[in-house]
Amino acid sequence: MNLALWIVTALLAAVYLLGGAFKVVTPKERIAAAGYSGRWVEDFSAGGVKAIGAVEVLAAVGLILPAVLDIAPVFVPLAALGLVLLMAGAAAVRIRRQEFKLVAVDVAYLLLAAFVVWGRFGPESFLS
């Protein structure tokens, strides 16, 4: 179970680090022009998109560093919980925009983050 949690955590961290960094450094217009999946940025200001990217980068760091450095490892499930909330918001935006095919992707990431929350607060807690 611990290995599965580490694998899921590492994958989530990689996805959110890359995706968040992309949002931070890429202009909003270029994200929107990238295709159907990037048009959600039309609902946010440029600063809002960059803020979402920054939150994703911080979450990626929070998923890995506290456990690796053994400094406040309780932040790992808290970072994952933050991603659950972020992806719930992402799914809500997709539903409001009637982008129903993309809601499944958001829910998949939400479920992976929820698995980390459950595992790190539960059976494979860093707190015990």
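Quick summary incoming for the structure in this document. Note that this is a predicted model, so its numbers are computed, not measured.

Concerning the nonpolar core
Right, on to step 1. Counting 18 residues, the largest nonpolar core has Leu12, Tyr16, Leu63, Leu83 and Val116 as its most contacted members.
Right, on to step 2. Taken together, the elements giving at least two residues each to this core come down to helix H1 (2-25), helix H3 (46-69), helix H4 (75-96) and helix H5 (100-121).
Right, on to step 3. Among the elements that take part in this core, H4 stands out by supplying six residues, more than any other.
Right, on to step 4. Excluding its chain neighbours within four sequence positions, the residues that come into contact with leucine 63 are Thr9, Leu12, Ala13, Val76, Ala79, Ala80 and Leu83.

Some thoughts on the pattern of salt bridges
Right, on to step 1. Taken as a whole and judged by the stated rule, the model has seven salt bridges.
Right, on to step 2. Two residues, glutamate 42 and arginine 97, come together in a salt bridge whose shortest N-O distance is 3.3 Å. Linking glutamate 42 in the loop between helix H2 (28-33) and H3 with arginine 97 in the loop between H4 and H5, this pair joins segments that are 55 residues apart in sequence.
Right, on to step 3. Residue classification places glutamate 42 among the partly exposed residues on the basis of a relative accessible area of 46%.
Right, on to step 4. Residues arginine 94 and glutamate 99 are paired through a salt bridge, measuring 2.9 Å at the closest nitrogen-oxygen approach.
Right, on to step 5. Classification of arginine 94 as buried rests on a relative accessible area of 10%.
Right, on to step 6. By sharing partners, the salt bridges in this structure join Glu42, Asp43, Arg94, Arg96, Arg97, Glu99 and Asp106 into a single network.

What to know about a nonpolar patch on the surface
Right, on to step 1. There is a patch of nonpolar side chains on the surface, built from Val61, Leu65, Val68, Leu69 and Ile71 and spanning about 450 Å² of accessible area.
Right, on to step 2. Relative to the helices and strands, leucine 65 resides in helix H3.

Description of the packing of H1 against H3
Right, on to step 1. The geometry of H1 relative to H3 is characterised by a closest axis approach of 7 Å and an angle of 150 degrees between their N-to-C directions. Accordingly, the angle class assigned to the pair H1 and H3 is roughly antiparallel. Note on packing geometry: the crossing formed by H1 with H3 is left-handed.
Right, on to step 2. Within the contact of H1 with H3, the residues separate by chemical class into 18 nonpolar, four polar and three charged.

Remarks on the packing of aromatic side chains
Right, on to step 1. For the coordinates displayed, the defined rule picks out three aromatic pairs.
Right, on to step 2. Residues tryptophan 40 and phenylalanine 44 carry aromatic rings whose centres are separated by 5.6 Å and whose planes lie at 70 degrees to one another, so their mutual orientation is edge-to-face.
Right, on to step 3. Judged by its relative accessible area of 12%, tryptophan 40 is buried.
Right, on to step 4. Using a relative accessible area of 26% as the deciding quantity, one classes phenylalanine 44 as partly exposed.

Quick notes on the layout of surface pockets
Right, on to step 1. Approximately 610 Å³ is the volume found for the largest pocket.
Right, on to step 2. Those elements that place two or more of their residues in the lining of the largest pocket are H1, H3, H4 and H5.
Right, on to step 3. Among the elements that take part in the lining of the largest pocket, H4 stands out by supplying six residues, more than any other.
Right, on to step 4. By residue class, the composition of the lining of the largest pocket is 15 nonpolar, five polar and four charged.

Reading the values: the criteria
- Residues numbered from 1 in each chain as written.
- Predicted model: local features only at pLDDT ≥ 70, side-chain atom pairs only at ≥ 80, totals over all residues.
- Heavy atoms only, no water.
- Core = buried A, V, L, I, M, F, W, Y, C linked by side-chain atoms within 4.5 Å.
- Buried < 20%, exposed > 50% of the residue type's maximum accessible area, 1.4 Å probe, protein only.
- Helix = DSSP H or I, 4+ residues; strand = E, 2+ residues; numbered from the N terminus.
- Contact = heavy atoms within 4.5 Å.
- Salt bridge = Lys/Arg side-chain N within 4 Å of Asp/Glu carboxyl O.
- Patch = residues over 30% accessible without salt bridge, like charges linked within 9 Å, V, L, I, M, F, W, Y side chains within 5 Å.
- Areas by Shrake-Rupley, 256 points an atom, 1.4 Å probe, with all protein chains shown as cover.
- Axes fitted to C-alpha atoms, helices over the stretch in contact; angles between N-to-C directions.
- Parallel < 35°, antiparallel > 145°, perpendicular 65-115°, else oblique.
- Left-handed = near helix turned anticlockwise from the far one by under 90°.
- Nonpolar A, V, L, I, M, F, W, Y, C, P; charged D, E, K, R; others polar.
- Phe/Tyr/Trp six-rings, centres within 6.5 Å; stacked < 30°, edge-to-face > 60°.
- 1 Å grid on protein atoms, 1.4 Å probe; cavity = no way out; pocket = protein on both sides within 12 Å on 5 of 7 lines; lining within 4 Å.
- Points joined across faces, edges and corners; volume = space filled by probe spheres on them.

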